[in-house]
Amino acid sequence: MPDLPNGPKGKFRSTLAVVRNPREFFVRSVSSYGDPFLLSAMNGPVVVTGKPEYVEQVFRAPPDTFRVFAREAMLPLLGAGSLLMMEGSQHRAERKRVAPPFHGSCMKAYGRAMQSTAQTAINRREEGETFTGVQIGTEISLDVILQTILGADTGPLLAEFRKLTREVLSRSWPILFFSPKTQFRFFGFSPIDRLKHAQQKLRDQLRIELDRRGDQINERDDILSILARPTEESPAPDFEDLADSVGTLMFAGHETTSVSIAWALYHLHRHPVWLHRLRDELDASDQQPDTYATMPLLKAVVQETLRLNPIVTEVLRVVQSPFQLGAYDIPIGHAVAAASCLTHYDPDIYEAPNDFNPERFLDQTYTPSQYYPFGGGTRRCVGAAFASYELAIVLGTILQSHELDLLDQKEVVPVRRNITMGPSTGVRLRVRSRR
Ligand code: HEM
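Residues numbered from 1 in each chain as written. Predicted model: local features only at pLDDT ≥ 70, side-chain atom pairs only at ≥ 80, totals over all residues. Heavy atoms only, no water.

A. View of the coordination of the iron atom of the ligand. Exactly one donor from the protein chain reaches the iron atom of the ligand: Cys381 (SG), at 2.3 Å. If you trace the backbone, Cys381 turns up in the loop between α17 (359–362) and α18 (384–401). (Donors = N, O, S within 2.8 Å, 3.2 Å for Na, K, Ca; no water. Helix = DSSP H or I, 4+ residues; strand = E, 2+ residues; numbered from the N terminus.)

The structure is reproduced here in C-alpha cells:
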C-alpha cells in the first residue's frame, strides 16, 4: 500500500487558498499532484478527491467510519444541538426528528408561501430599479425558511426574526469557521464576541416565542413546534439544544438557497436562449407552485446551476475507523474531502463542463457520486428536496412575471461568503418591465 498522496506544502498558505478560491486551488493541486492529493490545512490534513469512484467510497462508507470535520472550530459557532455537529447514534436520532418535515412528500404544504413570497419580493421593485440576485434571493429564502420554521401565522414575529437572523449572518466572518485560533474573546469586541452577542439576541427571541406558545406546540405543525415536543423515541430537547437546531436550519436553510437563486438568474440572463426557452415553458403552464416544481426545463436549469456553482465546494469527513480510498489507507485522524467543484467539472462526465447547458440534465441522469450539490451518504443535506422545490418556484415566479436586465458585463466569479461561496458582484440586475 503506498503512503499518503502528495500535495502542496504550507498549512497557512493552503488554508488561505481554500478560503479564497477552493476550485482554483484544487484544480492546480490536482494538475501538480494528481487525484487524490493531500492538503495540509489549519484544521488538519485532508485527502481531497473529485474522482467519482473515490467519492462513492466516501458516501457509501458505514456511518461510523467518520467524525465531523473541524468540529472544534465549528462547535462554538453552531452549538452541540446542531445536526451538523452530531455524530454516531446521536446524529441518526436527530435526523429522524429533523428530516420528516423536509421530505419531498411534505413540499406541497410550502409551495404557496414560496410563490407568494417570491411574487411580493419582485413586485416590490419598480421599473428601472436595480438590485442584486443575492439581495432578492436572501429576502425570499429568509422569509420562506422563517415562515416554515415559525409557522405562516407569525407576521410581526417574522420581522423581528428576520432582523436578528441577518445580524447573525453579517457577523459570521469566514475565517471564524476555519480555525479555533481566530475565536478569541476581547471584552465583547472581537469577531466571536460580536457573533455570540447576535446569536444570544436571536435565542432570547426564540425563548419568548416558545414561552408564548406554551402547550400549543403540541397541536401546531410548524417546524419549531415539531422539534420542541417529545416524540415516541425521544424526550423534548432542552432549550439550548433546540435553539442550536433551529439556528442551523435558519442558517443552512436560506444562505445556500439565496445564492443559488442569484446564480440561476445570472446564467439565464447570460444565455438568453435558455431564458426564452424557459419562458415558453412557463407561459404554457398553469403557473401553480406544484407545476413549477415538476417542469422539466426549470428543473434542469436548477440542476445545471448547482452543478456549475456548488455552494458548498467540498464535503469533509474525519476518518475514525479504518478507511481505504483507492489505493490509500487513510490514517485515523486524517480527513477526506469529496470536492463537487472538481467532479462537477470533470470532462469525462460532463461534455464542455464550463458551459451552462441545462440540456445535459434533460436527456441524462447522473449517479450520486457524479453529481452531488447536496453532499451524500448519511449526512446528505436534509433540505435538498425543500431547496430544489423552492428554487424552481422562486425562479418560475420571478421570470414568469418580470423582464430583467443583467447589469454585470464582465464574468461574475465565486467568492467566499462564510462556509459557502457566492457570486462576486451579488449578480446586479435591473427591472426592465412587468410581463
Ligand atoms: C441550494 C440549497 C442548498 C445546498 C446547495 C445545500 C448543501 C448542503 C451540503 C453540501 C451539505 C453537506 C452534506 C454532506 O456533508 O454530505 C448540507 C447539509 C445540511 N443542510 Fe443543506 N443545502 C441547501 C439547502 C438547505 C436547506 C433549505 C436546509 C434546511 C431547510 C438545509 C439544511 C441542512 C442541514 C441541517 C444539513 C446537515 C445534515 C447532516 O449533517 O446530517 N440545507 N447542505
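Having seen the structure, we can now continue with the description.
B. Summary view of the sheet that holds strand β1 (residues 37–41). Spatially, β1-β2-β8-β5-β3 is the arrangement adopted by the five strands of the open sheet, whose pairing is mixed. With one partner strand each, in any of the chains shown, β1 and β3 (66–68) form the two edges of the open sheet. Between one strand and the next, the sheet's axes are offset by a mean angle of 35 degrees, whatever the strand orientation. The pairing of strand β2 (residues 44–49) with strand β8 (residues 335–338) spans four bridges and is classified as parallel. Note on β8: the bridge partner recorded for Thr49 is Ala338. (Pairing = 2+ DSSP bridges. Axes fitted to C-alpha atoms, helices over the stretch in contact; angles between N-to-C directions.)

C. Structural context of the pattern of salt bridges. All chains considered together, the criterion is met by 27 salt bridges. Ionic pairing is found between Arg277 and Glu359, a salt bridge with its closest N-O pair at 3.6 Å. Here Glu359 lies in helix α17 and Arg277 lies in helix α13 (residues 272–283), a separation of 82 residues in the sequence. Judged by its relative accessible area of 31%, Glu359 falls in the partly exposed class. (Salt bridge = Lys/Arg side-chain N within 4 Å of Asp/Glu carboxyl O. Buried < 20%, exposed > 50% of the residue type's maximum accessible area, 1.4 Å probe, protein only.)

D. Summary view of the sheet that holds strand β12 (residues 428–434). Strand order in the open sheet made by the three strands is β4-β12-β9, with antiparallel pairing throughout. What marks the edges here is a single partner per strand, and that holds for β4 (130–132) and β9 (402–406). If you compare each strand with its neighbour and ignore which way they point, the axes differ by 40 degrees on average. Inspection of the sheet shows β4 paired to β12 by three bridges, in the antiparallel sense. Residue pairing for β12: Thr130 is matched across the bridge by Arg430. Along the sheet, helix α7 (residues 133–150) contacts β4 and β12; its crossing angle with β4, the most-contacted strand, is approximately 70 degrees. Packed on one face of the sheet, α18 meets β9 and β12 and runs near 95 degrees to β9. (Contact = heavy atoms within 4.5 Å.)

E. Quick look at the packing of aromatic side chains. Under the definition given, this model contains 10 aromatic pairs. Grouped by ring-pair contacts, the aromatic residues Tyr350, Phe361, Tyr366 and Tyr371 constitute a single cluster. A cation over an aromatic ring shows up here: Arg125 above the ring of Phe131, its NZ or CZ 4.8 Å from the ring centre. Directly above the ring of Tyr345 sits Arg307, whose terminal nitrogen or CZ lies 5.9 Å from the centroid. (Phe/Tyr/Trp six-rings, centres within 6.5 Å; stacked < 30°, edge-to-face > 60°. Lys NZ or Arg CZ within 6 Å of the ring centre and 35° of its normal.)

F. View of the site of the ligand. In the vicinity of the ligand, 24 residues are found, and the nearest of them are His91, Arg95, Arg317, Gly376 and Cys381. Interatomic distance of 2.7 Å between a side-chain N/O atom of His91 and an oxygen atom of the ligand. Here an oxygen atom of the ligand sits 2.7 Å away from a polar atom, N or O, in the side chain of Arg317. Breaking the shell around the ligand down by element, the ones donating at least two residues are α5 (88–98), α12 (255–270), β5 (315–319) and α18. Here the element with the most residues in the shell around the ligand is α12; it accounts for three residues. Class assignment for the residues of the shell around the ligand results in 13 nonpolar, eight polar and three charged. (Near = heavy atom within 4 Å. Polar contact = N/O pair within 3.5 Å; in protein donor to acceptor, adjacent residues only side chain to side chain. Nonpolar A, V, L, I, M, F, W, Y, C, P; charged D, E, K, R; others polar.)

G. Representation of the pairing of β8. Side chains Ala335 and Ala337 project from β8 onto one buried face, and the interleaved Val336 and Ala338 project onto a second face that is buried too. Bridging between β5 and β8 involves four bridges; their strand directions are antiparallel. Residue pairing in the sheet places Leu316 in a bridge with Ala337 of β8.

H. A look at α12. Relative to the 22 Å expected for 16 residues at 1.5 Å per residue, α12 spans 23 Å between its end C-alpha atoms, a close match to the ideal helical length. In terms of residue burial, α12 counts as a mostly covered element, since 14 of its 16 residues are buried. (Expected span 1.5 Å × (residues − 1).)

I. Representation of a nonpolar patch on the surface in the model. The grouping of Phe184, Phe186, Phe187 and Phe189 at the surface amounts to a nonpolar patch, some 550 Å² of accessible area in total. Structurally, Phe186 can be placed in the loop between α8 (155–170) and α9 (191–213). Given a relative accessible area of 46%, Phe186 falls into the partly exposed group. (Patch = residues over 30% accessible without salt bridge, like charges linked within 9 Å, V, L, I, M, F, W, Y side chains within 5 Å. Areas by Shrake-Rupley, 256 points an atom, 1.4 Å probe, with all protein chains shown as cover.)

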